[in-house]
Amino acid sequence: MLHRWFRSLSEFPLLRIAAFVLLATISTIPAYAQTGSVSGAVLDPDSKAVVGAIVLLRNEATNASQTISTDNAGRFTAKGLEPGRYALEIVVPGFDLVRRNNIDVSSAAANVDIKLTVANIAEDITVMAALPAAAAAAPSQSSLTARSAQSLISSEYIRNYTSPISDYSQTLQMAPGTFSTSSNGPGLGDTKTFFRGFKDGNYSMTFDGIPFNDTNDPTHHSWVFFPAQTIGSTLFDRSPGSASSIGPSTYGGSVGLVSPALPVRQQVTGTVSYGSFNTRMYDMAFDSGAIGNSRFMIEGHDMQSDGYQTFNYQHRKAFQAKYQYAFSDSTVVSAFTSVVQLDSNTPNQSGSTRAQIQQFGNNFLMTDSPTSPLYYKYNFYSVPTDFEYVGLKSNLGHGWSIDNKLYTMRYYNDQHFNSTTAISATSATDKLNSYRKYGDLIPLTQVSSFGVFRTGLWMEYATSDRHQTPADPRTWDLAALPNFHETFNTTTLQPYGEYEVQVTPRFRVTPGVKLAYYKQDFTQFADNGKVVGNLNGAPYVQHAVSYNTWLPSLDAHYLIQSAWSVYGQWGKGQQIPPTSIFDVTGAQVAVLPKPTTTNTMQVGSVWKSNRATLDVDYYHIHFDNDYSSDTDPATGFTSYYAAGSALTQGVEAESTILVGGGLALYLNATTGSAKYATGEWVQNAPKDTETLGLTYNKSRWNLGFFNKRVGTMYNDNGAVHQAFTIDPFNITNLFVNYTIGGGSLFSDSRIRLAVNNLTDNHAITGIKGGTAAATSASPTAGDLLTLMSGRSISVAFSVGVHGR
């Protein structure tokens with residue numbers, strides 16, 4: 001019966017939201033003999049009673065669960081429980097999530113008193129009502145405390161259902177509405193993620209609450225900074241967030257990467273991985289466990305691969321360390337560092353033309369002939385990055401707390417690439433994009449009987465150096481003048497304030513406002529005429545620009561029942577223009593562009609039971625297009641102006657359903673549109689997406705099958721919208737894990753099998769026109785195609801030795 005149902009699903013566009021909602025509402029809770037009870041009190045850091053705290057209890061043997069809330073005295077009682085060991089979880093907005101395991105429930109009453117600690121921004125994103133069995137099995141889900149459309153991607157998903165060499169793009173790949181593909185294989189390239197019609201750079205990314213992005217525009221690079229080994233969990237917020245959501249581009253949303261939690265038990269793990277495309281990785285990790293009041297971990301790995309595409313070699317060396325020391329129950333110091341060195345033979349373009357693919361095959365990219373412009377040794381990267389922070393989290397008394405993080409990061413992209421059509425003294429380019437940042441994140445939180453007040457400041461200073469200079473690829477001798485060379489400093493300030501008002505124990509309203517301020521000081525040097533020109537003989541020109549935008553937000557959250565909540569949100573997001581606004585002759589700009597903004601309205605609901613979870617949201621977003629420009633022929637000055645707006649709207653849903661016997665079904669689906677005022681589609685905005693996942697967790701086995709269908713979308717051809725049609729395609733992955741288990745010191749050792757692109761699908765996922773088009777484009781031999789990489793199989797063996 002079950003196999004017929006799955007087969008019938010495949011005859012349609014995988015999932016439809018109506019069927020999806022119907023399935024997700026299946027919930028049966030078996031009855032048990034119940035003789036025990038658990039009671040206790042929930043207190044805030046000042047030992048005051050917390051009213052309306054969500055308390056979840058789950059029998060660790062049977063997965064039977066129930067949800068209750070604290071009364072006006074902050075107390076809770078769960079009666080009639082079957083004897084056994086229980087897990088307890090307490091969820092209160094603004095506080096750290098509390099978990100207690102191995103609570104012994106017998107005929108006598110068990111008492112558990114909990115004192116909460118205030119959460120910071122980075123940790124607050126991990127607050128999940130995850131104790132119901134279905135929620136515990138969910139690869140991705142929202143939270144009962146969520147005030148916007150968001151998905152928390154669990155550490156279990158990252159550890160079990162991504163390739164050992166993956167990056168953050170693979171952790172997001174199966175989330176609602178997203179899509180990302182790699183032409184060279186998982187984790188073997190700079191992969192971009194799209195959702196709701198927003199491209200990379202239209203959303204912010206943070207690590208433990210700290211934004212990271214380029215300085216010339218707010219884009220990101222998946223192959224450096226944070227490999228999958230540095231990621232414990234991920235919060236994907238598909239909204240501008242509230243006023244406390246900081247970042248340079250909250251335009252479309254934010255992705256919050258969170259470092260792995262430090263375990264209590266000491267452990268040493270060594271991993272060897274080998275897979276397709278001669279991909280091999282060696283990894284060592286050490287977790288100290290609790291040593292007095294401190295814990296720390298260190299991890300390092302070396303990954304090398306030939307890549308799926310011809311001669312697209314990759315070599316990544318990475319090291320990370322994390323440390324925590326608790327001075328007391330209310331004061332914790334933490335530190336983190338991640339250092340990555342990437343070396344690659346990736347060219348400046350990631351795809352090949354139709355003619356090349358037809359002649360040489362789907363994986364063609366470069367050659368090994370020095371007489372060819374596509375010789376792989378004419379194209380290479382060296383990208384060292386580092387990221388460090390030191391944090392202090394402390395309870396200041398009277399409900400106040402602070403979580404200060406001082407940080408620095410460096411990105412140094414030293415790239416060399418050749419023209420695809422010629423070899424000459426100036427056919428290649430020596431390119432540098434580098435920056436160093438220093439910043440401070442200072443969130444303050446005050447919790448009272450009225451609600452949660454959040455205020456703070458994000459400030460950052462960055463120095464950047466960028467150039468592109470013509471060169472001879474045979475010798476790398478440089479031309480006398482660059483195509484461009486610029487240095488600039490960027491100052492960022494974002495003060496904010498919001499108040500999560502507790503109208504009733506179940507109803508909260510949060511108004512807030514944030515100021516986004518940026519100042520950039522430029523020095524542009526004379527060049528060969530490609531950008532600013534000779535500047536009438538001057539060696540350089542200097543100018544400064546500043547932007548500021550007020551960003552208000554308002555949301556409401558209502559807990560209808562202990563396991564069912566609804567929310568509504570309105571928020572404004574922004575994105576500053578890229579530094580290329582001054583890349584005009586003489587760097588003469590008369591009218592500067594303004595930051596582009598979004599106005600987002602969305603409503604949603606989160607529901608959980610012991611057998612199913614269901615998250616549904618509707619979004620309606622007006623967003624500004626990229627600006628346009630015009631040059632005055634008399635003065636030579638360039639003016640920028642708004643180019644209209646676009647509208648993206650739709651419905652998203654995701655669910656996990658426990659089938660039984662260790663088997664769980666994960667579903668998500670989206671349907672919507674992203675169109676300009678002309679009615680044409682925004683590029684890389686699928687009309688629909690559907691994901692089907694099956695996971696099996698029993699004893700020592702862990703299996704996962706995931707398939708995402710990405711619906712029809714379009715690519716532009718220069719200024720022409722909707723020029724190329726991208727047909728629907730599927731991303732299919734399979735994972736099998738076996739943990740050795742048992743009572744030995746090696747019980748955490750395991751074997752992992754990962755198969756990415758199981759069906760060996762070589763679908764076209766992107767097209768760049770080989771010729772200009774005034775209307776819809778017809779295929780030409782010169783069109784540059786981006787294809788899915790071939791099937792990738794990897795096997796990893798980890799030996800884990802833990803302390804007693």
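Predicted model only: the values in this text are computed from it and were never measured. (Residues numbered from 1 in each chain as written. Predicted model: local features only at pLDDT ≥ 70, side-chain atom pairs only at ≥ 80, totals over all residues. Heavy atoms only, no water.)

Visitor: Could you clarify how one ought to interpret the overall build of the chain in this entry?
Guide: Looking only at helices and strands, the chain has seven helices and 44 strands in total. Residues counted as buried form 57% of the 804 residues belonging to the chain. Across the chain, contacts joining residues at least 24 apart in sequence account for 67% of those joining residues at least 6 apart. With the model as given, the accessible surface of the chain reaches about 30900 Å², and the carbon-plus-sulfur share is 57%. (Helix = DSSP H or I, 4+ residues; strand = E, 2+ residues; numbered from the N terminus. Buried < 20%, exposed > 50% of the residue type's maximum accessible area, 1.4 Å probe, protein only. Contact = heavy atoms within 4.5 Å. Areas by Shrake-Rupley, 256 points an atom, 1.4 Å probe, with all protein chains shown as cover.)

Visitor: Which parts of the structure should I look at to understand the environment of Thr671?
Guide: Here Thr671 lies in strand 35 (residues 663–676). Along the backbone, Thr671 and Glu690 are 19 residues apart, and their C-alpha atoms lie at a distance of 8.8 Å.

Visitor: Sorry if this is basic, but what is going on with the sheet that holds strand 14 (residues 254–258) here?
Guide: Strands sit in the order 9-10-13-14-11-12 across an open sheet of six strands; the sheet is mixed. What marks the edges here is a single partner per strand, and that holds for strand 9 (140–141) and strand 12 (210–211). Note that strand 13 (residues 233–237) and strand 14 share five bridges and pair antiparallel. Bridging across to strand 14, Leu235 finds its partner in Gly256. (Pairing = 2+ DSSP bridges.)

Visitor: Would you mind going over a nonpolar patch on the surface with me for this structure?
Guide: Where nonpolar side chains cluster on the molecular surface, the patch consists of Val268, Met284, Ile740, Phe746, Ile751, Leu753, Ile793, Val795, Phe797, Val799 and Val801 and spans about 830 Å² of accessible area. Put simply, the parts of the chain that give the nonpolar patch at least two residues each are strand 41 (750–756) and strand 44 (792–802). Counting residues per element, the nonpolar patch draws most heavily on strand 44, at five residues. (Patch = residues over 30% accessible without salt bridge, like charges linked within 9 Å, V, L, I, M, F, W, Y side chains within 5 Å. Salt bridge = Lys/Arg side-chain N within 4 Å of Asp/Glu carboxyl O.)

Visitor: Any chance you could explain the side chain of Thr732 here in plain terms?
Guide: Note on placement: Thr732 falls in strand 40 (residues 729–739). A polar side-chain atom of Thr732 sits 2.4 Å from a polar atom in the side chain of Asn707. The residues contacting Thr732, other than those within four sequence positions of it, are Phe705, Phe706, Asn707, Val755, Asn756, Asn757, Leu758 and Thr759. (Polar contact = N/O pair within 3.5 Å; in protein donor to acceptor, adjacent residues only side chain to side chain.)

Visitor: Explain unusual backbone geometry here, please?
Guide: The phi torsion of most residues other than glycine is negative, and most of the peptide bonds are trans. Residues other than glycine seldom take positive phi values, yet Asn536 does so here, at roughly 55°. The residue Asn536 is located in the loop between strand 26 (507–525) and strand 27 (540–561) in this model. Phi is positive for Gln722, close to 55°, though the residue is something other than glycine. Relative to the helices and strands, Gln722 is located in strand 39 (residues 720–726). Exposure remark for Gln722: the relative accessible area of 24% places this residue in the partly exposed category.

Visitor: Even after reading the chapter, I still don't get the confidence of the model for the chain, so can you show me in this structure?
Guide: For residues with low pLDDT, the predicted coordinates do not support detailed interpretation. Here the chain averages 86 in pLDDT, and 87% of its residues register 70 or above. Below a pLDDT of 50 lies the segment residues 120–131, which in the model reaches 53 contacts outside its immediate sequence neighbourhood of four places, other chains included. (pLDDT = per-residue confidence, 0-100.)

Visitor: How do you make sense of the pattern of salt bridges when you look at a structure like this?
Guide: Pairs can form between side chains of opposite charge once their charged atoms are near each other. Across all of its chains, the model carries 21 salt bridges by this definition. Of the charged contacts, one joins Arg196 and Glu652 as a salt bridge, the two residues approaching to 2.8 Å between their closest N and O atoms. Note that Arg196 is positioned in the loop between helix 6 (168–172) and strand 11 (204–207) and Glu652 in strand 34 (residues 645–660), a separation of 456 residues in sequence. Pair check on accessibility: Arg196 and Glu652 agree, each one buried. Note that Asp688 and Arg709 form a salt bridge whose closest N and O atoms lie 2.5 Å from each other. Of this pair, Asp688 sits in strand 36 (residues 688–698) while Arg709 sits in strand 37 (residues 701–710), and the two are 21 residues apart along the sequence. For the pair formed by Asp688 and Arg709, the shared burial category is buried.

Visitor: Where do I start with the nonpolar core in this structure?
Guide: If you look at soluble globular proteins, the nonpolar side chains tend to sit buried side by side. Counting residues in hydrophobic clusters, the biggest one holds 71 residues, and the most contacted among them are Phe212, Val224, Phe225, Leu257, Phe387 and Phe729. When near neighbours in sequence (up to four residues on either side) are disregarded, Leu257 contacts Tyr168, Met205, Thr206, Phe207, Asp208, Phe212, Phe226, Ile231, Ser233 and Thr234. Counting residues in hydrophobic clusters, the runner-up holds 21 residues, among them Val42, Val105, Ala110 and Ile114. (Core = buried A, V, L, I, M, F, W, Y, C linked by side-chain atoms within 4.5 Å.)

Visitor: What exactly am I supposed to notice about the packing of aromatic side chains here?
Guide: Any two aromatic rings considered together are summarised by their centre-to-centre distance and by the angle between their planes. Counting across every chain of the model gives 43 aromatic pairs. Centroid distance Trp681 to Tyr714: 6.2 Å. Interplanar angle 45°. Geometry classified as tilted. Of this pair, Trp681 sits in the loop between strand 35 and strand 36 while Tyr714 sits in strand 38 (residues 713–717), and the two are 33 residues apart along the sequence. Side by side, Trp681 and Tyr714 carry an identical accessibility label, which is buried. Within the aromatic cluster, the residues linked to one another by ring pairs are Phe207, Phe212, Phe225, Phe226, Phe336, Phe387, Tyr389, Tyr411 and Tyr435. Sitting over the face of the ring of Tyr619, Arg196 holds its NZ or CZ atom 3.8 Å from the ring centroid. Over the ring of Tyr389 we find Lys405, and its NZ or CZ is 5.6 Å from the ring centre. (Phe/Tyr/Trp six-rings, centres within 6.5 Å; stacked < 30°, edge-to-face > 60°. Lys NZ or Arg CZ within 6 Å of the ring centre and 35° of its normal.)

Visitor: What should I look at first to understand the pairing of strand 34 in this one?
Guide: Two faces make up the sheet, and in a regular strand the side chains alternate between them. Note: strand 31 (residues 612–624) against strand 34, 13 bridges, orientation antiparallel. Looking at the pairing, Ala612 lines up with Ile657 of strand 34. The turn joining strand 34 and strand 35, which pair antiparallel and follow one another in sequence, is formed by two residues; a positive phi near 65° is taken by Gly661.

Visitor: Please explain the sheet that holds strand 20 (residues 352–353) as it appears in this structure.
Guide: Pairing between the strands of a sheet comes from backbone hydrogen bonds, and it takes one of two forms, parallel or antiparallel. Read from one edge of the open sheet, three strands run 20-43-42, paired in antiparallel fashion. Both edges of this open sheet fall to strand 20 and strand 42 (764–768), since each of them pairs with a single strand only.

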